[in-house]
Amino acid sequence: MEIAAETQKKTSVFARGWDCLKSTKGRVVKVAKNAKKQGQDDPRKIIHSLKVGLALTLVSLFYYFRPLYDSFGVSGMWAVLTVVVVFEFTVGATLSKSINRGFATMLAGALGVGAQQLASLFGEEGEPVVLGIVVFLLATASTFSRFFPRIKARYDYGVLIFILTFSLVAVSGYRVNQIMELAHQRLSTILVGGATCIIISIFLCPVWAGEDLHHMIVHNMEKLSSFFELTEEEDFSGFGGEYFMKPIDGESIMDSKDKSFLQGYRSALNSKSNEESLANFAAWEPCHGRFGFRHPWKQYLKIGALTRQCAYHIEAISSYLNSETQVSVEFRTRIQESCTTISSESGKALKALASAIKTMKDPSSADAHVENAKAAVKDLEIALNAGLLDETDLLDIIPDATVSSILIEIVKCVEKVSESVHELSGLAHFKGVEPTVTPEKSQLLHRGTIKPIPDRGEDATDVVITVEASSVSPENDKGKCKGKQGEIHVNMY
């Protein structure tokens, strides 16, 4: 019995160990799959990790090589710490933190040494008192400055480093005799660490915050346009086709279709913080690619805000897609054409504006769609007024009237987006669109001469107009093809 119990106990322990091993293997596989997915979604993350590893390896030479260690000592660790805290994913973020840390360290170090020298004039008893007062005043003033919006947005990290460095230098100077040497070593290693991060971030597979902001604005606008107007490969025309689609056996014809395009606008609803962060970091970046010095990044924030405003209107109108409220068929039929036109033209306008920003070309191609949408709004207002007068049961027309009202607001919002994109086009000096000649349509040129004929009488004048027609075709190498020539006699009295 004892042998059987012991055997059973060993078996249970082995089973638990085996189960634990299997669960651990499953977790490792899950983590590996998640890591693979992260790398596939954005390979730049893997490159960034390698860049950070390279920077840390380089600054570690302060400890590995004896000559460098003898020169900087344990202060070489500040270079490692600097790389860890300032190396960010984008170039702008890395520049922001590196410059803030460098200037804050220099300013705080100089003030700390000055405060220590000033306090030493008051003797051994007065020195700690003076140092305490100076640290209190500067720390209080610096902390209060962090509440200013502009400083909070761009220099918050620098102010934080200023408080830390000044306190360390001023306080440690009370016990350390060689304060100047200590400040020099720390400042040198911090500058070396920051410079290493900047060089690697800019010259080795750079990730620009400005480009990310540019692509984010374009992506959000494209998502909004797909809500209203789909590509030519699709069978239906976005919101207008879905909302006014006549039910068949109680189900919409689009129920079997992929409706993910109706949810794409959600990416624009929560993008404010990302846009502001990217715009802040983009302001620190040097000229790169299509983005010159002092590129109007703030205008992107204005366009993003208007895009979110339009997305909130879409959020409101999308709730009526699956509504089962009874509606007036006659009223819906009356407003269907205008609403569908507004939906389609708004989508085309947003798509054209997104394409203009993406290619950095003149956005004039969207003007026609905006005007068509505004014309459809006028027709819709006429239809609404007529429908309200003819309809007896107002409860049946409230859903469609609400949708119409929101569509009108969306057109106003799209018009504001168009104006902002035109402003961006002027500020960023977008390229003009070159006029093109359609090959299918040849241009017809008319040349004529008017020859007066000698007087045939006092009351009549006969004028001969000779007309020569010629056409210019892009497909014809010779250019002009002469046509028929004739005369027209006109009697003038």
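Scoring rules and cut-offs
- Residues numbered from 1 in each chain as written.
- Predicted model: local features only at pLDDT ≥ 70, side-chain atom pairs only at ≥ 80, totals over all residues.
- Heavy atoms only, no water.
- Salt bridge = Lys/Arg side-chain N within 4 Å of Asp/Glu carboxyl O.
- Helix = DSSP H or I, 4+ residues; strand = E, 2+ residues; numbered from the N terminus.
- Buried < 20%, exposed > 50% of the residue type's maximum accessible area, 1.4 Å probe, protein only.
- Phe/Tyr/Trp six-rings, centres within 6.5 Å; stacked < 30°, edge-to-face > 60°.
- 1 Å grid on protein atoms, 1.4 Å probe; cavity = no way out; pocket = protein on both sides within 12 Å on 5 of 7 lines; lining within 4 Å.
- Points joined across faces, edges and corners; volume = space filled by probe spheres on them.
- Nonpolar A, V, L, I, M, F, W, Y, C, P; charged D, E, K, R; others polar.
- Polar contact = N/O pair within 3.5 Å; in protein donor to acceptor, adjacent residues only side chain to side chain.
- Contact = heavy atoms within 4.5 Å.
- Axes fitted to C-alpha atoms, helices over the stretch in contact; angles between N-to-C directions.
- Parallel < 35°, antiparallel > 145°, perpendicular 65-115°, else oblique.

**Here we look at the pattern of salt bridges**
Taken as a whole and judged by the stated rule, the model has 14 salt bridges. We note a salt bridge from Lys 412 to Glu 409, for which the minimum N-O separation is 3.7 Å. One end of the pair is Lys 412 and the other is Glu 409, both in helix α17 (residues 398-428) and three residues apart, which spans about a single turn. Taking the relative accessible area as the measure of exposure, Glu 409 reaches 33% and is therefore partly exposed. Salt bridges linked by common partners bring Asp 42, Arg 44 and Asp 212 together as one network.

**Section: the packing of aromatic side chains**
The final tally for this structure, using the stated rule, is eight aromatic pairs. Aromatic pair Phe 162 and Phe 166: ring centres 6.2 Å apart, planes at 10°, arrangement stacked. Here Phe 166 and Phe 162 lie together in helix α9 (residues 156-172), a separation of four residues that amounts to about one turn. By relative accessible area, Phe 162 is classed as buried at 10%. Overall, Phe 166 belongs to the buried group, its relative accessible area being 2%. Ring centres 5.4 Å apart and planes at 35° place the aromatic pair Trp 297 and Tyr 300 in the tilted group. Of this pair, Trp 297 and Tyr 300 both sit in helix α14 (residues 297-318), three residues apart, roughly one helical turn. One exposure class covers both Trp 297 and Tyr 300, and it is buried.

**As for the layout of surface pockets**
Space inside the largest pocket adds up to approximately 800 Å³. What lines the largest pocket is a set of 31 residues, among which Arg 154, Ala 279, Asn 280, Ala 282 and Ala 283 lie closest to the centre. Going through the elements one at a time, α6 (91-120), α8 (149-154), α9, α13 (272-282) and α14 are the ones with two or more residues in the lining of the largest pocket. If you tally residues by element for the lining of the largest pocket, the top one is α13, at six residues. Among the residues making up the lining of the largest pocket, the classes are represented as 14 nonpolar, seven polar and 10 charged.

**Topic: the environment of Ala 153**
Summarising the element assignment, Ala 153 is placed in helix α8. Classification of Ala 153 as partly exposed rests on a relative accessible area of 45%.

**Description of empty space enclosed by the protein**
Over the atoms, a rolled probe matching the size of one water molecule traces out where space is still vacant. A full pass over the atoms with the stated rule returns one cavity of 30 Å³ or more. What lines the largest cavity is Trp 78, Arg 101, Thr 105, Ile 161, Leu 164, Thr 165 and Ile 190. Of all the secondary-structure elements, those providing two or more residues to the lining of the largest cavity are α6 and α9. For the lining of the largest cavity, a count of residues per class yields four nonpolar, two polar and one charged.

**Quick word on the side chain of Asn 100**
Mapped onto the secondary structure, Asn 100 falls in helix α6. Of the residues examined, Asn 100 reaches a relative accessible area of 7% and is grouped as buried. A polar contact of 2.7 Å, which involves the side chain of Asn 100, links it to the backbone oxygen of Ser 96. Engagement of the side chain of Asn 100 in a polar contact is seen with the backbone oxygen of Arg 154, the distance being 3.3 Å. Not counting the four nearest positions on each side in its chain, Asn 100 is found in contact with Arg 154, Tyr 155, Tyr 157, Gly 158 and Trp 284.

**Digging into unusual backbone geometry**
Most peptide bonds adopt trans geometry, and most residues besides glycine take a negative phi value. Its identity is not glycine, yet Cys 205 carries a phi of approximately 50°, on the positive side. Examined against the element boundaries, Cys 205 turns out to sit in the loop between α10 (179-203) and α11 (209-228). Using a relative accessible area of 43% as the deciding quantity, one classes Cys 205 as partly exposed. Phi angles above zero are rare outside glycine, and Met 360 is one such case at about 55°. The class for Met 360 is buried, based on a relative accessible area of 7%.

**Remarks on the packing of helix α2 (residues 44-59) against helix α5 (residues 77-86)**
Contact geometry of α2 with α5 gives a least axis separation of 9 Å together with a crossing angle of 170°. Comparing their axes, α5 and α2 come out roughly antiparallel. Across from Ala 55, Leu 56 and Val 59 in α2, the residues of α5 making contact are Ala 79, Val 80, Val 83 and Val 84. In terms of residue class, the contact of α2 with α5 is built from seven nonpolar, no polar and no charged.

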